[in-house]
Amino acid sequence: QEYACDINRANNGTSARNTAMKNRGFTLIEMLVSVAIFSIVMVMALGALLALSDANRRAQLLSVATNNFNSSLDSMSRAIRTGSVFHCGAGTLTVPADCASSGSSQFSFLSADGLQTVYKLGTAECANALGCILRSQDGGSSYVSITSPDIIVTALNFYVIGSATGDGVQPKAVILASGYTTIKAGQKTQFNVQTSVTQRLYDQ
């Protein structure tokens, strides 16, 4: 009987200790460790969220700038396509002139509405004072920028063939443009664009 009583007391003591351990909750060290782990996870998640938000904002700015440049280039291509008397380079703008090999940063033609139109690369006349595409519709007397200030055009070259009437070659202009846009301080995104435009009016 005494042995049985000892066993019962031992079992009761073990049960009491187990019950006490179950009811005691978390210690201060466990709480601190949990809070530290949670803080680290939250900081990492917040950093990833901020990086994603910044990347999305930069992508939107780049898209807007690129769309503006493409719109300007499309407008220029449409005007050239319906024009005539292609002249590449300086000199007498009303005289047809090719520049198939050397290229030039200036191109002139007679538009469909009879205006002597000139496109060229400019810097001082640009809103950003760094580089843009300029257009003149009065034979080069005055120019306006057709590209956004967010776009910095560093190079613009025209290559023209078949400008002379009756030479058996349909007039064609190839446009090469390159530059960059600044998305964030110190971060530049480069671009290079090439397009070709053939005169719609049949060359006789």
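This text follows the structure it describes.
What counts, and where the lines are drawn
Residues numbered from 1 in each chain as written. Predicted model: local features only at pLDDT ≥ 70, side-chain atom pairs only at ≥ 80, totals over all residues. Heavy atoms only, no water. Helix = DSSP H or I, 4+ residues; strand = E, 2+ residues; numbered from the N terminus. Phe/Tyr/Trp six-rings, centres within 6.5 Å; stacked < 30°, edge-to-face > 60°. Buried < 20%, exposed > 50% of the residue type's maximum accessible area, 1.4 Å probe, protein only. Lys NZ or Arg CZ within 6 Å of the ring centre and 35° of its normal. Disulfide = S-S within 2.5 Å. Contact = heavy atoms within 4.5 Å. Pairing = 2+ DSSP bridges.

A. Structural context of the environment of Arg-57. Within the element layout of this structure, Arg-57 appears in helix H2 (residues 28–81). Spatially, the C-alpha atoms of Arg-57 and Ile-183 are 9.0 Å apart, while their sequence positions differ by 126 residues.

B. Inspection of the packing of aromatic side chains at higher detail. In total, this model carries six aromatic pairs according to the counting rule given. Measuring from centroid to centroid gives 6.1 Å for Phe-109 and Tyr-119, while their planes differ by 20°, and the two rings are stacked. With a gap of ten residues between them, Phe-109 in strand E2 (residues 106–110) and Tyr-119 in strand E3 (residues 116–122) connect regions that are remote in the sequence. Neither residue differs from the other here; Phe-109 and Tyr-119 are each classed as buried. The positively charged end of Lys-120 is found above the aromatic ring belonging to Tyr-143, 4.2 Å away from the centroid.

C. Here's a closer look at the state of the cysteines. This model, assessed by the stated rule, comprises two disulfides. Bridging Cys-88 to Cys-99, the disulfide has an S-S length of 1.8 Å. Where Cys-88 bonds to Cys-99 through sulfur, the torsion about that S-S bond is close to 80°, and the disulfide is right-handed. Highlighted residues: Cys-88 in strand E1 (residues 84–88) and Cys-99 in the loop between E1 and E2, separated in sequence by eleven residues. Across the pair, exposure class does not vary: Cys-88 and Cys-99 are buried alike. If one numbers only the bonded cysteines of the chain, in the order they occur, the disulfide pattern is 1-2, 3-4.

D. Broad picture of the environment of Pro-149. Following the sequence through the fold, Pro-149 ends up in the loop between strand E5 (144–145) and strand E6 (151–161). For Pro-149, a relative accessible area of 46% gives the class partly exposed. C-alpha separation for the pair Pro-149 and Ala-129, spaced 20 residues apart in sequence, amounts to 8.7 Å. The residues contacting Pro-149, other than those within four sequence positions of it, are Ala-127 and Asn-128.

E. Inspection of the sheet that holds strand E4 (residues 132–136) at higher detail. Read across the sheet, five strands follow the order E1-E2-E3-E4-E5 without closing on themselves; strand pairing throughout is antiparallel. Only two strands of the sheet have a single neighbouring strand rather than two, namely E1 and E5. Sheet analysis places E1 next to E2, joined by three bridges and oriented antiparallel. Pairing of Ser-84 across the sheet is with Leu-110, part of E2.

F. Unusual backbone geometry, seen in detail. In this model, Val-85 sits at a positive phi of 50°, which is unusual for a non-glycine residue. Structurally, Val-85 is set in strand E1.

G. Main features of the side chain of Gln-199. For Gln-199, the location among the structural elements is in the segment after strand E8 (187–198). Beyond its immediate stretch of four places on either side in the chain, Gln-199 contacts Arg-81, Gly-83, Ser-84, Val-85, Phe-86, Gln-170 and Pro-171.

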